[in-house]
There are 2 protein chains.
Amino acid sequence: MKNMLIVHGGAPTAVINASLYGAVTEAKKHPEVDHIYAAIGGSGAVIREQFLDMKTVDEGRLELLPFTPASAIGTSRDHLEPEDYEAIARVIEKYDIQYVFFNGGNGSMDACGKVYAACKALGLDVRVVGIPKTIDNDIAVTDHAPGFGSAARYIAATVSEVSQDVRALPIHVCIVEAMGRNAGWITAASALARSGDGDGPDLIYLPERTFVEEEFLADVKALVEKKGGVVVVASEGLTGPDGKPIVEPIFQVGRATYYGDVGAHLANLVIKKLGIKARSEKPGICGRASIAFQSSVDREEAVLAGREAVKAALEGQTGVMIGFERLPGAEYAVRPIRIPIEQVMLTERTMPDEYINERGNDVTDAFVEWCRPLIGEPLRPFVTFKNDL
Amino acid sequence: MKNMLIVHGGAPTAVINASLYGAVTEAKKHPEVDHIYAAIGGSGAVIREQFLDMKTVDEGRLELLPFTPASAIGTSRDHLEPEDYEAIARVIEKYDIQYVFFNGGNGSMDACGKVYAACKALGLDVRVVGIPKTIDNDIAVTDHAPGFGSAARYIAATVSEVSQDVRALPIHVCIVEAMGRNAGWITAASALARSGDGDGPDLIYLPERTFVEEEFLADVKALVEKKGGVVVVASEGLTGPDGKPIVEPIFQVGRATYYGDVGAHLANLVIKKLGIKARSEKPGICGRASIAFQSSVDREEAVLAGREAVKAALEGQTGVMIGFERLPGAEYAVRPIRIPIEQVMLTERTMPDEYINERGNDVTDAFVEWCRPLIGEPLRPFVTFKNDL
């Protein structure tokens, strides 16, 4: 009998706990797994030996996991040094752990690879498997990763409601700032707000394209003249022709640089340069781990990713991350795959050209088709009446 | 047979269409009501004679109304002059309208009273009844008004999710900016995010109290030392000891003054003056008309308000607004009442002292008890694990 360890890394999502649920319930089925240690507070918690044996958690609380946002066992952005990986390997040895799971994004997959190497250096027989987690959808190789579908549903549903608001009272330009500093997947998913009735976002600005202020102002002006109210969705990470963020860094604390808000900046441009009323909304972390907008498809895939990781480790696999391959056919279907971890470590996946329109102010139908199944059930239909007299 | 007119005014809510549904379905039961005209685009649309006869709308589309956010018949912030009220009265005469309903907030109730006076001056036998609508809950006399319960549910559920995020990754102070410039009801409702397990908002700043920067920074600092991550909810309309907004007006377009964001301002203060990581979220209009967070109690009361308004007009009442009186007893119950419109015209209701704590950085239990039934079903329970080894 050997023990298992699961660690969460990086920012929360709406379904990271669903993957934890999948991993724990799968592990409980296998008699060769003894203790199921969860690190309480990310990778640093491993070094501090802060664990909870998930086998001691009663069923009722376990069943809440798939519907609990953020990370129920905590997470961290700990910056690990080479000696930290060795320390983690020694704790793994001390606790007689054979199965190690890191649930996280690109950074966590990097940690995953380094922990594997550190264990190997100590001569430990350890299997290290990655469970992907993201909101930005920036993990390479896999078709998409758990966390994105829910973040996509959040922005689509929210922008659909905001568009209904702006259509009802068309007195301003409304800029919604979306998360995803280098990858525009979340921003792009706002296109799913469109019902085909002229609503939804009018303009979408992705970080994969240079933001040209003059084109933005011209596009907004033309739309205001046509519709009155305009909805713009913009990535928090837009950069200008000089390659720098369109908002200035305002201050620095330690390693962190603080920038002004892109949404507020664009609204101010519209007011100052066009003299048109504008406002901005920045749901920010409200949309990062929202159970109210959790995608059922995302939740199920997250559970599956957790289960598959445990199965892979028990089959003797190591140094792999679970991913999804989309199967061909009209009906949406995926199959879990095992990706060598060096293919995903610190690699950032951004939007491909075929998903972005030529002017760089919208997505293509190909993107919408790719993204639609990931958000789960269709959004609620709304009704809008026009005068007939 | 006489005709009916319904007009929406002011900003959208999550349940104004539910009141429209209540009014239209009630009116259809009464053979003495012939055409049911909806003004498509607020009070200005009445003058422009932009109407839709709601009797021509098929059932399927009508049934979508209680679950459609914003205003399905449009709304406006038209500033009406005395001659406009006379113009509206002439249209009412032209279309043989006897029953007039204004669904809106304080400003719309003022318009309601003035339309009534203009009709009387023309010698028309018209009954004008107000249906209350608000997100801010600033309408006088009534216990609360439709729209608030859903805005309250939005902020409570959202802050509960944000708190779960910050608890899982306690690396910053997170400021959530809430709507309600002069009345703090929405900001206060964030207290319902608390599950009793030490989560939920740590500090709540209402516009009814002077914001003292030094006290805010001291409170934040103490909490960061204790908890690591801190969640603050602040009204968009906070004012300082000088009585002026804590953010400077940044520019003026026409009658509108634009201010910086309170949330971003407070986050910047924490970073600059305490050297602590901070960020801000501003859901803004994302929370104004969100069906995903609609309160079932709010929706039902909104339908009831619409029905009661039609009943009152058919009984010969005029110059009244429908309101709610809360009945005594452990179980939540309200009864609809009819309030003389002059008691509510342009009167703004703010939070009473007994709902605000002494230091002015939180609400009282009395407020939570008053507010809890309005948000509908209890929020989802979440689970958080602690280390046991």
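Just so it is clear, the model here is predicted, and its values are computed rather than measured. Starting afresh in each chain, residues are numbered from 1 along the sequence in its written order. Whichever chain is written first is A, and whichever ligand is written first is 1; the rest continue in order. In keeping with the predicted nature of the model, local features appear solely for residues at pLDDT of at least 70, side-chain atom pairs appear and are counted solely at 80 or more, and the whole-chain, interface and lining totals rest on all residues. Side-chain measures were taken over the full set of non-hydrogen atoms in the model, leaving aside hydrogen atoms and water.

## Remarks on the packing of helix 8 (residues 213-227) of chain B against helix 9 (residues 262-274) of chain B
Residues and elements named next belong to chain B.
So, point 1. For helices, the axis comes from a line fit to the C-alpha atoms of the stretch in contact; other axes are also lines fit to C-alpha atoms, and the angle between any two N-to-C directions lies between 0 and 180 degrees. Counting from the N terminus, the helices are the DSSP runs of H or I reaching at least four residues and the strands are the DSSP runs of E reaching at least two. Remark: helix 8 packs on helix 9, axes separated minimally by 11 Å, with the N-to-C direction vectors making an angle of 70 degrees. Relative to helix 9, the element helix 8 lies roughly perpendicular. Residue-level inspection shows Glu-213, Phe-216, Leu-217, Val-220 and Lys-221 of helix 8 in contact with helix 9, the latter providing Leu-266, Leu-269, Val-270, Lys-273 and Leu-274.
So, point 2. Under the scheme applied here, ten amino acids are nonpolar (Ala, Val, Leu, Ile, Met, Phe, Trp, Tyr, Cys and Pro), four are charged (Asp, Glu, Lys and Arg), and all others, including Gly, are polar. For the contact of helix 8 with helix 9, the class distribution of residues is seven nonpolar, no polar and three charged. Working definition: roughly parallel below 35 degrees, roughly antiparallel above 145 degrees, roughly perpendicular at 65 to 115 degrees, and oblique for all remaining angles. Residue contacts follow a heavy-atom distance rule, with two residues in contact if any of their heavy atoms lie within 4.5 Å.

## Quick notes on the packing of aromatic side chains
Residues and elements named next belong to chain A.
So, point 1. Aromatic pairs are defined between Phe, Tyr and Trp rings, using the six-membered ring for Trp, whenever the two ring centres lie within 6.5 Å; interplanar angles under 30 degrees are classed as stacked, those over 60 as edge-to-face, and all others as tilted. This structure, assessed with the given rule, holds 29 aromatic pairs over all chains.
So, point 2. When the ring of Phe-51 is compared with that of Tyr-95, the centres are 5.0 Å apart and the planes differ by 85 degrees; the resulting orientation is edge-to-face. With Phe-51 in strand 3 (residues 51-53) and Tyr-95 in the loop between helix 4 (82-94) and strand 4 (97-104), this residue pair connects regions lying 44 residues apart in the sequence.

## Some remarks on the pattern of salt bridges
Oppositely charged side chains may form a pair once their charged atoms are brought near each other.
All names here are of chain A.
So, point 1. Within this document, salt bridges are pairs made up of a side-chain nitrogen of Lys or Arg and a carboxyl oxygen of Asp or Glu, the two lying within 4 Å of each other. Using the criterion set out here, one finds 42 salt bridges over all chains in the structure.
So, point 2. Its salt-bridge partner being Arg-194, residue Asp-362 comes within 3.1 Å of it at the nearest N-O pair. With Asp-362 in the loop between strand 13 (334-340) and helix 11 (365-371) and Arg-194 in the loop between helix 7 (185-189) and strand 7 (203-205), this pair connects stretches of sequence that are 168 residues apart.
So, point 3. To sort residues, take the accessible area from a 1.4 Å probe on protein chains only and compare it with the maximum for the residue type: under 20% means buried, over 50% means exposed, and anything in between is partly exposed. Judged by relative accessible area, Asp-362 falls into the buried class, the value being 14%.

## With respect to the interface of chain B and chain A
So, point 1. Counting residues at the interface gives 78 residues for chain B, matched by 78 residues for chain A.
So, point 2. What counts as buried area is the accessible surface, traced by a 1.4 Å probe, that two parts surrender upon association, with contributions from both included. Roughly 6,300 Å² is buried in total at the junction of chain B and chain A, and carbon and sulfur atoms are behind 65% of that figure.
So, point 3. Where chain B packs against chain A, one counts two salt bridges.
So, point 4. In this structure, Asp-165 of chain A engages Arg-288 of chain B in a salt bridge whose closest nitrogen and oxygen atoms are separated by 2.6 Å.
So, point 5. Side-chain atoms alone can form a polar contact between residues adjacent in sequence; in general such a contact is a pair of N or O atoms within 3.5 Å, and within protein one must be able to donate a hydrogen while the other accepts it. Here chain B and chain A share 23 residue pairs in polar contact (both at pLDDT 80 or more) between them.

## Comments concerning the sheet that holds strand 1 (residues 2-8) of chain A
All names here are of chain A.
So, point 1. The pairing criterion is simple: DSSP has to find at least two bridges between the two strands. Strand order in the open sheet formed by seven strands is 3-2-1-4-5-12-13, with mixed pairing between adjacent strands. Whereas interior strands pair on both sides, the edge strands pair on one side only; in this sheet they are strand 3 and strand 13. Strand-to-strand twist across the sheet, computed as the mean angle between neighbouring axes with direction ignored, equals 30 degrees.
So, point 2. Strand direction decides the pairing type here: strand 2 (residues 33-39) and strand 3, joined by three bridges, are antiparallel. Within strand 3, the residue paired with Tyr-37 across the bridge is Asp-53.

## Focus on the relation of the copies chain B and chain A
So, point 1. The superposition of copies rests on a least-squares fit of C-alpha positions from residues with pLDDT of 70 or more in both. Superposing chain B onto chain A takes a rotation of 180 degrees plus a shift of 0.0 Å along the axis, which leaves an RMSD of 0.0 Å. What the superposition gives is, in effect, a two-fold axis relating one chain to the other.
So, point 2. A high fraction, 100%, of the interface residues of chain B reappear at the interface in chain A, so the copies pair face to face through one surface.

## Digging into unusual backbone geometry
So, point 1. Although it is not a glycine, Asp-96 of chain A adopts a positive phi angle of roughly 55 degrees.
So, point 2. For Glu-49 of chain B, which is not a glycine, the phi torsion comes out positive at approximately 55 degrees.
So, point 3. Considering the arrangement of structural elements, one finds Glu-49 of chain B in the loop between helix 2 (43-47) and strand 3 (51-53).
So, point 4. Residue classification places Glu-49 of chain B among the partly exposed residues on the basis of a relative accessible area of 23%.

## Here we look at the sheet that holds strand 6 (residues 173-178) of chain B
Two pairing modes exist for strands in a sheet, parallel and antiparallel, and in both the strands are linked by backbone hydrogen bonds.
Residue and element names in this part refer to chain B.
So, point 1. Strands sit in the order 7-8-6-11 across an open sheet of four strands; the sheet is parallel. Looking at the sheet topology across the chains shown, the edges are occupied by strand 7 (203-205) and strand 11 (278-281). The average angle at which neighbouring strand axes cross in this sheet is 20 degrees, direction not considered.
So, point 2. Across six bridges, strand 6 lies against strand 8 (residues 230-235) in parallel orientation. Bridging across to strand 8, Val-173 finds its partner in Val-230.

## Overview of the pairing of strand 5 (residues 127-132) of chain A
Residues and elements named next belong to chain A.
So, point 1. By the criterion of burial, strand 5 is predominantly enclosed, with six of the six residues buried.
So, point 2. With six bridges connecting them, strand 4 and strand 5 associate as parallel partners. The partner of Phe-102 across the bridge, within strand 5, is Gly-130.

## Quick notes on the environment of Asp-138 of chain A
Residue and element names in this part refer to chain A.
So, point 1. Relative to the elements of secondary structure, Asp-138 occurs in the loop between strand 5 and helix 6 (148-168).
So, point 2. Considered as a pair, Asp-138 and Asn-106 are 32 residues apart in the sequence and their alpha carbons are 7.8 Å apart.
So, point 3. In this view, Asp-138 contacts Asn-106, Ala-183, Thr-347, Glu-348 and Arg-349; residues no more than four positions away in its chain are not counted.
So, point 4. Within the local environment of Asp-138, its side chain forms a polar contact with the side chain of Thr-134, the two groups lying 3.3 Å apart.

Geometry only, nothing functional implied.
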